[in-house]
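# Fold and contact review
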Amino acid sequence: AQKVTQAQTEISVVEKEDVTLDCVYETRDTTYYLFWYKQPPSGELVFLIRRNSFDEQNEISGRYSWNFQKSTSSFNFTITASQVVDSAVYFCALSEGSISGNTGKLIFGQGTTLQVKP
Amino acid sequence: KAGVTQTPRYLIKTRGQQVTLSCSPISGHRSVSWYQQTPGQGLQFLFEYFSETQRNKGNFPGRFSGRQFSNSRSEMNVSTLELGDSALYLCASSSLLAAQETQYFGPGTRLLVL
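Structure report, in brief. (Residues numbered from 1 in each chain as written. Chains lettered and ligands numbered in written order. Predicted model: local features only at pLDDT ≥ 70, side-chain atom pairs only at ≥ 80, totals over all residues. Heavy atoms only, no water.)

With that settled, consider the pairing of strand β7 (residues 64-68) of chain B. Residues and elements named next belong to chain B. As paired strands, β7 and strand β8 (residues 74-78) are joined by 5 bridges and run antiparallel to one another. Within β8, the position partnered with arginine 67 by the bridge is glutamate 75. Between the end of β7 and the start of β8, which pair antiparallel, lie 5 residues, with serine 72 showing a positive phi angle near 80°. (Pairing = 2+ DSSP bridges. Helix = DSSP H or I, 4+ residues; strand = E, 2+ residues; numbered from the N terminus.)

The subject of this paragraph is a nonpolar patch on the surface. Residue and element names in this part refer to chain B. On the surface, a nonpolar cluster with roughly 290 Å² of combined accessible area is contributed by Ile12, Leu112 and Leu114. Looking at the element boundaries, leucine 114 is found in the segment after β11 (109-113). By relative accessible area, leucine 114 is classed as exposed at 53%. (Patch = residues over 30% accessible without salt bridge, like charges linked within 9 Å, V, L, I, M, F, W, Y side chains within 5 Å. Areas by Shrake-Rupley, 256 points an atom, 1.4 Å probe, with all protein chains shown as cover. Salt bridge = Lys/Arg side-chain N within 4 Å of Asp/Glu carboxyl O. Buried < 20%, exposed > 50% of the residue type's maximum accessible area, 1.4 Å probe, protein only.)

Disulfides are covalent bonds that link the sulfur atoms of two cysteine residues. Under the definition given, this model contains 2 disulfides over all chains. Two residues, cysteine 23 of chain A and cysteine 92 of chain A, share a disulfide whose sulfurs are 2.0 Å apart. One disulfide, between cysteine 23 of chain A and cysteine 92 of chain A, carries an S-S torsion of -65° and so falls in the left-handed class. Here cysteine 23 of chain A, found in the loop between β3 (19-21) and β4 (24-26), pairs with cysteine 92 of chain A, found in strand β10 (residues 88-98); they are 69 residues apart in sequence, far enough to count as distant. Per residue, the accessibility class of cysteine 23 of chain A equals that of cysteine 92 of chain A, and both read buried. Note on cysteine connectivity: cysteine 23 of chain B is disulfide-linked to cysteine 91 of chain B, with sulfurs 1.7 Å apart. Of note, the bridge from cysteine 23 of chain B to cysteine 91 of chain B carries an S-S torsion of about -55° and is left-handed in sense. A residue pair is termed long-range when its members are at least 10 positions apart, and cysteine 23 of chain B in strand β3 (residues 19-24) and cysteine 91 of chain B in strand β9 (residues 87-94) qualify at 68 residues. (Disulfide = S-S within 2.5 Å.)

Set out below in structure tokens:
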């Protein structure tokens, strides 16, 4: 069965510290997509990144970077020089696959609550 | 471009009632998916609609239903509400099938069932 595990329930850091959010996934599909979303207190899920299973290149976007490793089924997310505005719940998600292809249904991890203190 | 909009934002109902939630996707997007978020179960997929057809359905009872209109706007309905239906209901849209494109989420509708 497909599954996403975010073992860190809550993380608290002080502003300007670097922080890494872990995500481990399980799937038998050879083609799949991985995502990270941010959920601030307002509730809306904000899209951060989408990565397909054939692209293992790390990605950097400003203070955000992602490390995708198929060998360990991990897709970790690092925030460099964290800021108070980064405080939110972060979700890792996997798009569900099937014999006929990808269904588009997102399977979410339980989320990691990040608190950045000033 | 305006994002995904959902109405109403907050709703209070009593057990046994029914409720209809509305979602307007990003302009030009044709797929709408619905998710339920609760503290206990997390984020769970309800269904996806594309071109007015239900493409995929999650493991929810038949009390949960939805539809999509020709302008891609979608509604979901929950009949005979139960206390456990209290949740944040999130709608997401994608330009093509959700399987092919990134899903962008709206702010959600917070439903409280008393």
